Amino acid sequence: SLSTRNCACKMSQLPLKSPLASPVSEGTNSRVESLDNLSMDSFWLEVENIKQSAEAEQEECSLTDVKTQEEGEAEAEWLQDAGLSDLLGDGASENDNIVLLSTLTKTQAAAVQRRLDTYSRSRRRKNKHPVRDVRDIFGVVTSEETAAEKKESSPDQLWHNLRASNVQRKTQDYSCTVRNPGKEEMFNMDVAYSEQAAVLLKGSFLSESRRLKDGNALTKFKIPKGRLGVTRIGDLSAQDMKKIPTLALIELTALCDVLGFELKRNKASKLKTTEKRLFGVPLNTLLENDQKLLPNTKVPLLLQALLSCLEKRGLETEGILRVSGSQTRIKSLEQKLERDFYTGLFRWDEVHQNDVSGLLKRFIRELPAPLLTAEYLPAFAAVQNIPDLKQRLQALNLLILILPEPNRNTLKALLEFLSKVVARENNNKMNLWNVSTVMAPNLFMHKGLPNKIPEGKEKQLAEGAADVVRMMIHYQDLLWTVSSFLVAQVRKLNESNSKRYQFCDKRIKNLLRKIHADKDKVEKNQAEPSKIVKVHASLLLKDSLEVHLNNATRVVDVLRQFQKNLCQNGWNIVNTVNLLKCNNSMECTNLLLYEVGGNIGEHCLDPDTYLLDLYHINPHAEWIIKQNPSYPRMF
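As the structure is a prediction and not an experimental result, all values here were calculated from the model.

**Focus on the overall build of the chain**
Part 1: The helix and strand tally for the chain stands at 24 helices and 11 strands.
Part 2: Across the 635 residues in the chain, those meeting the buried criterion constitute 52%.
Part 3: Long-range pairs, those at least 24 residues apart, make up 81% of the contacts in the chain between residues at least 6 apart in sequence.
Part 4: Counting only carbon and sulfur atoms, one obtains 48% of the accessible surface of the chain, whose full area is about 29,600 Å².

Right, here's the structure in full:
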C-alpha cells in the first residue's frame, strides 16, 4: 500500500552494508530486472558517506518524534488540505466547499465521501460533539428518502456502483498495452487518471516487463495535444496554480483508491534549526532572503551557484556526483560559503569539482524538511509499488503538482542538472541509473524521519527509491505538465466562484448525481464557424491586431501574422527591447500569446492551441501578446 510502513524515506535506519553482501531479490517486488549486486554499489557507498558525515555532527541532529495519529485525524487533515474543512464542523460557510464539490469527477467525489464517512464514524465512536452530516448542508432529508436510499448510499455500495458505472462507460480506450521499449505510447491527460483506472478495473493490469538499468530501455511517452494544447507548470498564473495542489491531492487519493493503494502522509515534524544563513535553512527563508537581492528569484541562489559551477567545469569529470570529495574540505567550504557567499568573495574557481558535488548533496540533505516534503515523502517512495509504469507516472505527476512551489522549482532545477550529467555519460561515465542510485539516498534519507525498515526489505526499497529518482529525471518534461482535466477543473472553480452556484438538492449524493448527469450531456454548442477577435500587445504596440478565427487558426498562426504586420506595415512600435531580430524580422518564437480573464487568471498558451475552440470555452477572456520572459542566472 501507499503507506508509511514500507517506504524508502526511512532509510536513515538502514544498516551499513557492503554492496557485495546485499541479498539478491528475485521476487516480483523487485522493480528492476537484471540488477547485479554491483549495480547498487553507488547507492550503498553514498549511504555510508552520509552516515559518516552525520556522525561527526551528531549533536546537531535534534529530532522530533513523528506522533502516531489517532483514528480520524488523518482524514480530518486530508479534508482540510483538500479545501473541504467546512465539512468537518457546523460552521455556516460552505459555499467554497460546494463550489469545489461541483467540479469533481465521480471517482474524486467517492474519495471525498469515503474520508468523510471514516471521519464521521471515528467522531461518533469517541462520543465527541456530533460531526455535521454532509447531507445537512443541503437540507433535511425525509424518512422515506432516507429509507429508500440507505442501502444505495452506504460507502461500500456507492463505491461498487461507481466502479460498475465506470466500467460500463467505455467511451474511450485507456488500456495498457504491453510495454515496448523504444516505441512511443500516448499519455492521456484529457481524462482524470482515476477515471481511466476505473475503466480498466474489470480488465487485468498489464505490468511492463522488469525494467533494465539502461535508460534507453525506458518506454517513451507522448502527450497527445488536444485542440486546447498542453499546459506546462509555469503557464498558469500564481492565482490559478494555488488551486492545483488541492485538486491534485483529491485526484491522487481517488487514483490510489481505484488501484487499491492506501495513501498515507506523514505529519510534518519540526527540527531545531541553526543560526546559519545557507545550509540547514528552510527553502522559504532562503528564497525570502534571496529575493531581497534579486526579486522574482524562484530557486535559491546558492543552489543556482552550485549547479552553475558544476555545469561549467564538472559535467565532463569522471564519476561526478559518485566520487565523494573530502569531508574535511567540504565542511570548511560550507563555513566559507556561510561567511562569504552573499558578499561575492567566495572563489568558485578554486574549488575541486567533487567537493562542489559534495556541497550540492549536503545542501539537499541539510534542508530542515525533505525537498520532497515530510508529508509526501512516503508517497513518493511508495510509487514503486504501483505495477503499471504509466500509472506510476500519473501518481508522480500529481505528487509534483502537490509540492509547494519553492520545493517544486528547486526539484526541477536539480533534475535539469542531473539530465545534463546523464547526457555527458560518454565522458563522465555516469549513466541514468548511476546518477539515480547516487541521488536517491540524498532525497529519501532524512534525519527528521527516524524509523526502522522491515528486515530483508533494504534492497527492494533501495532499488525502488533509485527507480523513482530515475523516473523523475527521465520523464521530467511529462511530469511538469498540468493535465488538461485539472485545467478544466480550475476553469469550473473560477466560473462557479463568480456565479456562486445555487444548489437546492437535499443530499450531497443527489447533488453529485445531478452535477455528473449534466456533465455527461453532450453540449451542442451552436457556435459560429468563425469569429473576428482583437489581440492586444499593449507593451509592444499602441494598436491591436484584428484576427479572423476559423477551425484551423492556431496560436502560432496569430503570432506569425503579428510578426508579419509588425515588420511590413510599419506599426507604431512602443518597445522593441529584447525582441530577437533575424533577417530584419522579429522571431515569433520570442513572443507568447496569453489568455487573460474570464474563467482563467492568466494562461500562457501552447503554440498549437486552436483559438476558436478556446474562444468557445472562454469567450470573455482577452488575448494579449507578450515577450517571452527570460531569467538569466546570476552565477
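**What about the side chain of S194?**
Part 1: With respect to the secondary-structure elements, S194 resides in helix α7 (residues 193-199).
Part 2: Setting aside chain neighbours within four positions, we find S194 in contact with T105, T107, Q108, E251, A254, L255 and V258.

**Remarks on the packing of aromatic side chains**
The way to describe two aromatic rings as a pair is by their centre distance and the angle between their planes.
Part 1: Enumeration according to the criterion identifies eight aromatic pairs in this entry.
Part 2: Between F43 and W44, the ring centres sit 5.1 Å apart and the planes meet at 75°, which makes this aromatic pair edge-to-face. By the burial criterion, F43 is buried, and W44 matches it.
Part 3: With a centroid separation of 5.2 Å and 80° between ring planes, the pair formed by Y193 and F485 is classed as edge-to-face. In this pair, Y193 is assigned in helix α7 and F485 in helix α21 (residues 484-499), connecting sequence segments 292 residues apart. F485 matches Y193 in its accessibility class, with the two residues each being buried.

**As for unusual backbone geometry**
Part 1: Although it is not a glycine, N296 adopts a positive phi angle of roughly 70°.
Part 2: Tracing the backbone through its elements, the reader meets N296 in the loop between α10 (283-293) and α11 (301-313).
Part 3: You will see that T373, though not glycine, has its phi angle at about 75°, which is positive.
Part 4: Within the secondary structure, T373 sits in the loop between α13 (353-366) and α14 (377-382).

**Some words on the pairing of strand β5 (residues 531-536)**
Part 1: Note: β5 against strand β6 (residues 545-549), five bridges, orientation antiparallel. Counterpart to V535 in the pairing with β6 is L545.
Part 2: As paired strands, β5 and strand β11 (residues 622-627) are joined by two bridges and run parallel to one another. From the neighbouring strand, V535 faces β11, where its bridge partner is W623.

**Digging into the packing of helix α15 (residues 389-402) against helix α19 (residues 458-474)**
Part 1: It is the contact of α15 with α19, at a shortest axis distance of 11 Å, that shows an interaxial angle of 75°. As summarised for this structure, α15 and α19 are arranged roughly perpendicular, according to the angle between their axes. Judged by residue contacts, L389, R392, L393 and L396 of α15 engage V468, M471 and M472 from α19.
Part 2: For the contact of α15 with α19, the per-class residue count stands at six nonpolar, no polar and one charged.

**Regarding the confidence of the model for the chain**
Part 1: For the chain, the mean per-residue pLDDT works out to 76, and 66% of the residues sit at or above 70.
Part 2: For the stretch residues 521-526, pLDDT sits under 50, and the model shows one contact to residues farther than four places along the chain or on other chains.

**Examining the pattern of salt bridges**
Part 1: The final tally for this structure, using the stated rule, is 23 salt bridges.
Part 2: Note that R115 and D257 form a salt bridge whose closest N and O atoms lie 2.9 Å from each other. Residue R115 is located in helix α4 (residues 106-125), and its partner D257 is located in helix α9 (residues 244-259); the two are separated by 142 residues in the primary sequence. The same class applies to R115 and to D257, which are both buried.
Part 3: For E316, the salt bridge identified is with R424, shortest N-O distance 3.0 Å. With a gap of 108 residues between them, E316 in the loop between α11 and α12 (327-340) and R424 in the loop between α16 (405-423) and α17 (425-428) connect regions that are remote in the sequence.
Part 4: Here the salt bridges do not stand alone but share partners, grouping K225, R554, D557, D606 and D608 into one network.

**Digging into the environment of F261**
Part 1: Secondary-structure assignment places F261 in the loop between α9 and α10.
Part 2: Residues F261 and V383 lie 122 residues apart in sequence; the distance between their C-alpha atoms is 9.9 Å.

**A few points about the packing of helix α18 (residues 432-444) against α19**
Part 1: Remark: α18 packs on α19, axes separated minimally by 8 Å, with the N-to-C direction vectors making an angle of 110°. The pairing of α18 with α19 is recorded here as roughly perpendicular in orientation. For the crossing formed where α18 meets α19, the hand is right-handed. Contacts between α18 and α19 pair L432, W433, V435, S436, T437, M439, A440, L443 and F444 from the former with E463, A465, A466, D467, V468, V469, R470, I473 and H474 from the latter.
Part 2: Taken together, the residues of the contact of α18 with α19 sort by class into 12 nonpolar, three polar and three charged.

**Description of α11**
Part 1: Here α11 is 13 residues long and its end C-alpha atoms lie 18 Å apart, about the 18 Å a rise of 1.5 Å per residue gives.
Part 2: Burial analysis of α11 places 10 of its 13 residues in the buried class, the great majority of the element.
Part 3: For α11, every residue scored as buried is listed here: L301, L302, L303, Q304, A305, L306, L307, S308, C309 and L310.
Part 4: Next to the buried residues of α11 lie α10, α12, α13 and α16.

Rules used in this analysis
- Residues numbered from 1 in each chain as written.
- Predicted model: local features only at pLDDT ≥ 70, side-chain atom pairs only at ≥ 80, totals over all residues.
- Heavy atoms only, no water.
- Helix = DSSP H or I, 4+ residues; strand = E, 2+ residues; numbered from the N terminus.
- Buried < 20%, exposed > 50% of the residue type's maximum accessible area, 1.4 Å probe, protein only.
- Contact = heavy atoms within 4.5 Å.
- Areas by Shrake-Rupley, 256 points an atom, 1.4 Å probe, with all protein chains shown as cover.
- Phe/Tyr/Trp six-rings, centres within 6.5 Å; stacked < 30°, edge-to-face > 60°.
- Pairing = 2+ DSSP bridges.
- Axes fitted to C-alpha atoms, helices over the stretch in contact; angles between N-to-C directions.
- Parallel < 35°, antiparallel > 145°, perpendicular 65-115°, else oblique.
- Nonpolar A, V, L, I, M, F, W, Y, C, P; charged D, E, K, R; others polar.
- pLDDT = per-residue confidence, 0-100.
- Salt bridge = Lys/Arg side-chain N within 4 Å of Asp/Glu carboxyl O.
- Left-handed = near helix turned anticlockwise from the far one by under 90°.
- Expected span 1.5 Å × (residues − 1).

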